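Now for the letters of each chain:
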Amino acid sequence: AAPEAGGWDGAKAPSIADFEVLAQAAFDRLPDEFRALCADVVFNVTDFAEDDVVRELEAESPFDILGLFSGVGLPQQGYAPQTGQMPNTIFLYRRPILDYWAENDESLGSIVTHVLVHEIGHHFGFSDDDMEAIEQAAG
């Protein structure tokens, strides 16, 4: 239910700090086993993907990228971390997520959760096609 008109009067778009709280809440709701496998993953909220990421992913616009997994997925890691290897990082991009939220009938929390779970899937080594099949199977 939407707030009364006056409820929107002073409303502002959620900040990066607000997104960090949303992402942490989404992460905290995931199963314990799932979270344990993400203990070494760094979460980072920024407004947009870097220009080189947009080019590398061949996106038409930075608004096309809601999140990104950067690093070496669990299946490829082996048993010992490589010297000088940056930590696995999941990026959530605030502005594209807000844009998607404005265009769809979903709660902001459910969108952040979906993007977070999708990027964690890449940490587990799943491809986009793997995750789409999992989502379809889950209904």
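Bear in mind the structure is a predicted one, so any value in this text is a computation, not a measurement.

## What to know about the layout of surface pockets
Thought 1: Taken as a whole, the largest pocket spans an internal volume of roughly 370 Å³.
Thought 2: What lines the largest pocket is a set of 17 residues, among which Leu66, Gly67, His118, Glu119 and Asp128 lie closest to the centre.
Thought 3: Counting residues per element, the ones that place at least two in the lining of the largest pocket are strand S2 (67–70) and helix H7 (108–123).
Thought 4: Sorting elements by how many residues they give to the lining of the largest pocket places H7 first, with 6 residues.
Thought 5: Each residue belonging to the lining of the largest pocket can be placed in one class, and the counts come to 9 nonpolar, 4 polar and 4 charged.

## Examining the side chain of Thr89
Thought 1: Position of Thr89 among the secondary structure elements: in strand S3 (residues 89–93).
Thought 2: Residue Thr89 is classed as buried on the basis of its relative accessible area, which comes to 10%.
Thought 3: Polar contacts involving the side chain of Thr89 include one to the main-chain carbonyl oxygen of Pro87, which spans 3.1 Å.

What counts and what doesn't
- Residues numbered from 1 in each chain as written.
- Predicted model: local features only at pLDDT ≥ 70, side-chain atom pairs only at ≥ 80, totals over all residues.
- Heavy atoms only, no water.
- 1 Å grid on protein atoms, 1.4 Å probe; cavity = no way out; pocket = protein on both sides within 12 Å on 5 of 7 lines; lining within 4 Å.
- Points joined across faces, edges and corners; volume = space filled by probe spheres on them.
- Helix = DSSP H or I, 4+ residues; strand = E, 2+ residues; numbered from the N terminus.
- Nonpolar A, V, L, I, M, F, W, Y, C, P; charged D, E, K, R; others polar.
- Buried < 20%, exposed > 50% of the residue type's maximum accessible area, 1.4 Å probe, protein only.
- Polar contact = N/O pair within 3.5 Å; in protein donor to acceptor, adjacent residues only side chain to side chain.

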